Amino acid sequence: MKIGVVGVGAMGAPMARNLARDGDTVLAYDIVPDRARAVAGGGVEQAGSVAQVARGCELIVLMTPDDAALRDVMHGDGGVLSVGTFSGCIVDLSTTSEHLAREIGAAAAARGVGYLDGAVIGGSVAAARDGASPIVVSGDEALLERYRRVLERLGSVDHAGVQGNAKIVKICNNLLLGMHTVSGAEALSIAEAAGLALEDTVAWLDASSGNTAAMRAMFGRFSEHGAFPEGIASFGFFDKDMALGCALAERHGYPAFLAHLTRQLLATAARAEGVGAPFASVLSWYRAMGRAGAVVPAQREATAEGT
């Protein structure tokens, strides 16, 4: 079988390589040609357009950056649904909104095309490289079972119910990731200000009830090596994920106090660290405030009252 992969960035590239096995080949396209060129070889070929992928493949896996890009890949001139001969299945693993997934699912069904929306909900680049990504997929379960053998080359695959559910899982996952990253950075910086070494605190918290994947994978790596793991989203890119969560809550009339506060704190840190820095650099922002002895007025007043 020929499998298409549209979007071969940090996550899509190792996925494309893992899909090319057991006699199957991959046709890879990216809006940045050098990315597709770099992943070519070992059963992966470079495509020159989305339309070329749709004309040549039965199964297409999408890893686009946002709603606008996904809409263009599906509905744009030369998009997948513009290719009349395509009648296979699309598995969309982009981090995008659930309402767009449902819209695309309906449009695909009207064309006789299969569509499953999905999401990679952990593990980052290292897991993608090892074919160990945890993935949720929603939509037609029979369609998923037809292609499960192939998709499990990427990692574990769970069915999440009706169309759009996988996107909701991903959005909520990323909300938690943002909140845990900010709260972890704050807690570690408080400990450091109180005299504990960062690396010691991270190590002691590893078996604690307050530990999180953000603490272990991002801050643990930083404390050991002085750098965050590869593939962490930039402040600018991760703001899209936080915005998706805030918008999801708004659509359902639900308060999202922590989501909005986390987004604001990350935006403030981005102004100091640079929007292109890994969003986990919120730790650097917090630590810098601690070294400068920064205390917000409300905290200062509360401290004075306590004494």
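Predicted model only: the values in this text are computed from it and were never measured.

Caption draft 1: Focus on the sheet that holds strand β3 (residues 44-46). If you trace the eight strands from one edge of the open sheet to the other, you get β3-β2-β1-β4-β5-β6-β7-β8, paired in mixed fashion. Because the sheet does not close on itself, it has two edges, and the strands there are β3 and β8 (155-159). Averaged over all neighbouring strand pairs, the angle between strand axes comes to 25°, with direction disregarded. In the sheet, strand β2 (residues 25-29) pairs with β3 via three bridges, with the strands oriented parallel. The partner of A28 across the bridge, within β3, is Q46. Packing of helix α4 (residues 67-75) onto the sheet brings it into contact with β1 (2-6), β4 (59-62) and β5 (89-92), and relative to β4 it is tilted by some 160°. Packing against the sheet, helix α8 (residues 165-193) makes contact with β5, β6 (114-120) and β7 (133-138), and its axis sits at approximately 15° to β6.

Caption draft 2: Quick peek at the state of the cysteines. All told, the structure shown has zero disulfides when counted by the stated rule. Free of any disulfide, C57 has its nearest neighbouring cysteine sulfur in C89, separated by 12 Å. Between C246, a cysteine without a disulfide, and C172, which holds the nearest cysteine sulfur, the sulfur-to-sulfur distance is 11 Å.

Caption draft 3: Fine view of the side chain of D24. Here D24 shows up in the loop between α1 (12-19) and β2. Residue classification places D24 among the buried positions, given a relative accessible area of 8%. A polar side-chain atom of D24 sits 2.9 Å from the main-chain amide nitrogen of M1. Polar side-chain contacts of D24 include one of 2.8 Å to the side chain of R153. When neighbours within four sequence positions are excluded, D24 is seen to be in contact with M1, I3, L19, R149, V150 and R153.

Caption draft 4: Layout of the packing of α8 against helix α12 (residues 257-273). Packing of α8 against α12 leaves a shortest axis separation of 10 Å and a crossing angle of 60°. Put simply, α8 runs oblique to α12. As α8 packs across α12, the resulting crossing turns out to be left-handed. Across the interface between the two elements, L175, G178, M179 and V182 of α8 pack against L258, A259, T262, L265 and L266 of α12. Residue composition of the contact of α8 with α12, by class: seven nonpolar, two polar and no charged.

Caption draft 5: Highlighting α4. Among all positions in α4, only D67, L70, V73 and M74 are buried. Taken around the axis of α4, the buried residues stretch over an arc of 130°, which confines them to a single face. Of the exposed residues in α4, those oriented more than 90 degrees away from the buried face are A68 and D72. Those residues of α4 that are buried lie in contact with β1, α3 (50-56), β4, β5, α5 (98-110) and α11 (235-251). Sitting at the head of α4, D66 places a side-chain oxygen 3.3 Å from the backbone nitrogen of A68.

Caption draft 6: Looking closely at the environment of A269. When you line up the elements, A269 lands in helix α12. Owing to a relative accessible area of 0%, A269 belongs among the buried residues under this scheme. Separated by 34 residues in the primary sequence, A269 and F235 have C-alpha atoms spaced 8.4 Å apart. Setting aside residues up to four positions removed in sequence, A269 forms contacts with F235, G274, V282 and W285.

Caption draft 7: How the structure looks around the pairing of β2. For β2, a buried count of four out of five residues is recorded, marking the element as mostly surrounded by other parts of the structure. Bridge analysis of β1 against β2 gives five bridges, and the strand direction is parallel. When the sheet's bridge partners are listed, V6 is paired in β2 with Y29. Handedness of the crossover joining β1 and β2 through α1 is recorded here as right-handed.

Caption draft 8: Quick look at the pattern of salt bridges. A complete count under the given rule lists 17 salt bridges for this structure. The residue D22 makes a salt bridge to R153 at a minimum N-O spacing of 3.7 Å. One end of the pair, D22, is in the loop between α1 and β2; the other, R153, is in the loop between α7 (141-151) and β8, with 131 residues separating them in the sequence. Residues D34 and R37 are paired through a salt bridge, measuring 2.2 Å at the closest nitrogen-oxygen approach. Of this pair, D34 and R37 both sit in helix α2 (residues 33-39), three residues apart, roughly one helical turn. Judged by its relative accessible area of 53%, D34 is exposed.

About the criteria used
- Residues numbered from 1 in each chain as written.
- Predicted model: local features only at pLDDT ≥ 70, side-chain atom pairs only at ≥ 80, totals over all residues.
- Heavy atoms only, no water.
- Pairing = 2+ DSSP bridges.
- Helix = DSSP H or I, 4+ residues; strand = E, 2+ residues; numbered from the N terminus.
- Axes fitted to C-alpha atoms, helices over the stretch in contact; angles between N-to-C directions.
- Contact = heavy atoms within 4.5 Å.
- Disulfide = S-S within 2.5 Å.
- Buried < 20%, exposed > 50% of the residue type's maximum accessible area, 1.4 Å probe, protein only.
- Polar contact = N/O pair within 3.5 Å; in protein donor to acceptor, adjacent residues only side chain to side chain.
- Parallel < 35°, antiparallel > 145°, perpendicular 65-115°, else oblique.
- Left-handed = near helix turned anticlockwise from the far one by under 90°.
- Nonpolar A, V, L, I, M, F, W, Y, C, P; charged D, E, K, R; others polar.
- Arc of directions from axis to C-beta.
- Right-handed = clockwise from strand over helix to strand, strands pointing away.
- Salt bridge = Lys/Arg side-chain N within 4 Å of Asp/Glu carboxyl O.

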